[in-house]
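Below are the chains, spelled out letter by letter.
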Amino acid sequence: MAWTERQRRMLAEMGLPPWLAPAAAPDEPTDAPAPEPAAQPAAPSPTQPQAAAPVVPAPAPQAQVAPMGAPANRPAGAVAMLDWTGLRDAVAACTACGLCESRTQTVFGVGNRSAEWMIVGEAPGEQEDRQGEPFVGRSGQLLDNMLLALGLSRAEGAADRQVYIANTLKCRPPGNRNPTADELARCEPFLVRQIELIKPRIILAMGRFAVQSLLRSNEPIGRLRGRVHHYQGVPLVVTYHPAYLLRNPLDKARAWDDLCLAAETAAAAAAAAPAPG
Ligand code: URA
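Treat the numbers as computed from the prediction; the structure is a model and nothing was measured. (Residues numbered from 1 in each chain as written. Predicted model: local features only at pLDDT ≥ 70, side-chain atom pairs only at ≥ 80, totals over all residues. Heavy atoms only, no water.)

Caption draft 1: Structural detail: the site of the ligand. Lining the immediate surroundings of the ligand are G121, E122, A123, P124, E128, P134, F135, N167 and H241. At 2.6 Å from an oxygen atom of the ligand is found a main-chain nitrogen or oxygen belonging to E122. Note that a nitrogen atom of the ligand is positioned 3.1 Å from one of the backbone N or O atoms of A123. Its residues assigned to classes, the shell around the ligand shows four nonpolar, three polar and two charged. (Near = heavy atom within 4 Å. Polar contact = N/O pair within 3.5 Å; in protein donor to acceptor, adjacent residues only side chain to side chain. Nonpolar A, V, L, I, M, F, W, Y, C, P; charged D, E, K, R; others polar.)

What follows is the structure in structure tokens.
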């Protein structure tokens, strides 16, 4: 298969030799860590967070994933009212699930709070738990390289060039196991509020747990990628999780296509937006 110029640039950015031609599309690739037990679907509707301090989401029922396109959880009560400082404090003090007992610290998010791009991953790993920042391990290096290929970065910069990165879970699951449905549901109001505050032009959902939370879908990534979805009116593109790509490097070309789709969608949204002032 011949590589396009665009793919060559992406491969160079990701440190891959161009002779690694993309494989035929796998039936239903999954980005789940191989040894982990199958994840439960995210619960569709956590109950109201408690108004009393500390502000934490209240217990949520276990439930099936709602139909595709069903409204996602809205942060309710106290979480819905929080500004950035309050939200960060609420996350740091959260004891809504058992992950608070094993975490070193919470991992809130990183990047420009006015970013046009919002990237949603899964959960902190060991290094993220230690450093308090999402995607600082090997997956993060790959993510940074992919973003760099598009001229995007988590580092200081203009809002249209800088991303905001957050996870569905703010605490590390022990041993990097998959998040449970209950953990996802309890943590979700924080992510939802982050998205509300950022008001991104594009959301990039990486991996099946981000997709379960934001799209209420258990469809494999391979079936959801390649088109534009919406989350609360914000265009959303689905792609593979970087950890999956590290294990399945031939799918990096597809991930690059997803990033290009996201970039085109963000540019279209920016062009359609009313001029400031
Ligand atoms: N994987 C994720 O989904 N998030 C992180 O922060 C690190 C690894």
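Caption draft 2: Layout of the pattern of salt bridges. Scanning the model with the defined rule gives eleven salt bridges in all. The salt bridge partner of R201 is E116, with a shortest N-O separation of 3.5 Å. A residue pair is termed long-range when its members are at least 10 positions apart, and R201 in the loop between helix 7 (181-198) and strand 4 (202-206) and E116 in the loop between strand 1 (110-111) and strand 2 (117-121) qualify at 85 residues. Residue classification places R201 among the partly exposed residues on the basis of a relative accessible area of 27%. Judged by relative accessible area, E116 falls into the buried class, the value being 17%. Its salt-bridge partner being R254, residue D251 comes within 2.2 Å of it at the nearest N-O pair. (Salt bridge = Lys/Arg side-chain N within 4 Å of Asp/Glu carboxyl O. Helix = DSSP H or I, 4+ residues; strand = E, 2+ residues; numbered from the N terminus. Buried < 20%, exposed > 50% of the residue type's maximum accessible area, 1.4 Å probe, protein only.)

Caption draft 3: Geometry of the confidence of the model for the protein. In the predicted model, the protein carries a mean pLDDT of 82, and the fraction of residues at 70 or more is 72%. The low-confidence segment residues 17-53 (pLDDT under 50) makes 99 contacts with residues lying over four places distant or belonging to another chain. Here residues 59-72 is a poorly scored stretch, pLDDT under 50, and it has 40 contacts once near neighbours within four places are set aside; other chains count. (pLDDT = per-residue confidence, 0-100. Contact = heavy atoms within 4.5 Å.)

Caption draft 4: Structural detail: the pairing of strand 6 (residues 234-239). The element strand 6 is extensively covered by neighbouring structure, given that six of its six residues are classed as buried. The alternating pattern of strand 6 places V234, L236 and V238 on one face and P235, V237 and T239 on the opposite face, and all of these are buried. Judged from the four bridges that link them, strand 4 and strand 6 form a sheet pairing that is parallel. Directly across from L204, in strand 6, lies its bridge partner V237. Two strands pair when backbone bridges link them, and strand 5 (residues 228-231) and strand 6 are joined in this way by four bridges, in the antiparallel orientation. Within strand 6, the residue paired with H230 across the bridge is P235. Connecting strand 5 to the next strand, strand 6, in antiparallel fashion are two residues, including Q232 with a positive phi near 50°. (Pairing = 2+ DSSP bridges.)

Caption draft 5: Looking closely at the packing of aromatic side chains. Taken as a whole, this structure holds three aromatic pairs when the rule is applied. Geometrically, the ring pair formed by W84 and Y164 is tilted, given 5.6 Å between the ring centres and 45° between the ring planes. Residue W84 is found in helix 3 (residues 84-92), and its partner Y164 is found in strand 3 (residues 163-167); the two are separated by 80 residues along the sequence. Each residue in the set W84, F108 and Y164 is aromatic and connected to the rest through ring pairs, giving one cluster. (Phe/Tyr/Trp six-rings, centres within 6.5 Å; stacked < 30°, edge-to-face > 60°.)

Caption draft 6: Layout of helix 7. Over its 18 residues, helix 7 extends 25 Å from the first C-alpha to the last, a length consistent with the 26 Å expected when each residue adds 1.5 Å. Residue C187 marks the point of greatest curvature in helix 7, where the axis turns by about 40°; the proline P189 follows within four residues. After helix 7 finishes, the residue K199 shows a positive phi value of roughly 50°. (Expected span 1.5 Å × (residues − 1). Bend = angle between axes of the 7 residues up to and from the residue.)

Caption draft 7: Up close: the environment of C97. Considering the arrangement of structural elements, one finds C97 in the loop between helix 3 and helix 4 (99-102). For the pair C97 and C187, spaced 90 residues apart in the sequence, the C-alpha separation amounts to 8.5 Å. The contact partners of C97, leaving out residues within four places of it in the chain, are E183 and R186.

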